[in-house]
Amino acid sequence: MSVKGLIFDLDGVLVDTAKYHFMAWKRLAKEHGVDLNDGYAEPLKGISRKDALEILLDLTGISMSGVEKLRALDKKNSWYLEYIMDIDESAVFEGVLEFLDLVKSLGYKTAIGSTSDNSSLILECTGLTRFFDVIIDGYKVTKPKPDPEVYLVGAKELQLDPSECVVFEDAVAGVNSAKTARMKVIGVSRTGSLEGADKVITTFSGLDEKILDF
Ligand code: BG6
Ligand code: MG
């Protein structure tokens, strides 16, 4: 079946915000006397806030009561919001605007498939909202990645079959989500590898529609 729709994860794919999520997790761990090195970034990436906290606690051995967890989640989000307070077009990765312009001009339908509650804010501040027919965010789905819900809802709202959609992802949890939804996945990875992705790009810079040939 030919590709008709493109569904983009947001954080770490279109905008340089994954680093701010990690900075907020680092700050939380630091409050509990633990220094998170960069090795913790991947397991915390692309999953829900709540799931990331549980993984952080598992990996570090920090323990929290139920109430402490709720407070920690609030804190993490306020720090994250503090870090992205001044976010603007400059946070959009190189080549993204040109690629979105190109695919829109070629008639592809486009969606955001992110489970972040902060997606709309980021899209507005970075000027990206206008490129998308549909925005699926944390308020529209109940099951976080790696569950396929976010991408299945994206395809449904684009009025396409999942097999007609290609997903752009930077996190293993998101790749698994899209694969379970039976979609092709283009991994976006600065290192050039992403487990499970059908293809991997390191940048949108210079990318054209040939990347959508499968
Ligand atoms: C994803 C991020 O887009 O959204 C994750 O990759 C984050 O790191 C998740 O945990 C939830 O985001 P938020 O903004 O609702 O805490
Ligand atoms: Mg991401």
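Each value, and the rule that gives it
Residues numbered from 1 in each chain as written. Chains lettered and ligands numbered in written order. Predicted model: local features only at pLDDT ≥ 70, side-chain atom pairs only at ≥ 80, totals over all residues. Heavy atoms only, no water. UniProt positions renumbered as here; feature names shortened; annotations may be inferred. Helix = DSSP H or I, 4+ residues; strand = E, 2+ residues; numbered from the N terminus. Buried < 20%, exposed > 50% of the residue type's maximum accessible area, 1.4 Å probe, protein only. Pairing = 2+ DSSP bridges. Axes fitted to C-alpha atoms, helices over the stretch in contact; angles between N-to-C directions. Contact = heavy atoms within 4.5 Å.

- The protein chain goes by Beta-phosphoglucomutase in an unreviewed UniProt entry, where it is assigned to Youngiibacter fragilis 232.1.
- Looking at the Catalytic activity (unreviewed entry) heading of the UniProt record, one finds this comment for the protein chain: "beta-D-glucose 1-phosphate = beta-D-glucose 6-phosphate".

Overview of unusual backbone geometry
- In the segment running from Lys145 into Pro146, the intervening peptide bond is cis, with an omega of 15°.
- As for its placement among the helices and strands, Pro146 is situated in the loop between β3 (134-136) and α7 (149-157).
- The phi torsion at Gln159 lies on the positive side, around 60°, for a residue other than glycine.
- One non-glycine residue with positive phi stands out, namely Arg182, at about 65°.
- Within the secondary structure layout, Arg182 lies in the loop between α8 (172-180) and β5 (184-188).
- Accessibility expressed as a relative area gives 57% for Arg182, which makes it exposed.

Focus on the sheet that holds strand β1 (residues 5-8)
- Ordered in space as β3-β2-β1-β4-β5-β6, the 6 strands form an open sheet in which the pairing is parallel. Both edges of this open sheet fall to β3 and β6 (199-201), since each of them pairs with a single strand only. Sheet twist, expressed as the mean angle between neighbouring strand axes with direction ignored, is 25°.
- Judged from the 3 bridges that link them, strand β2 (residues 109-113) and β3 form a sheet pairing that is parallel. Bridge pairing in β3 places Gly113 opposite Ile136.
- Against the sheet, α8 touches β4 (165-169) and β5, its axis set at about 165° to β5.

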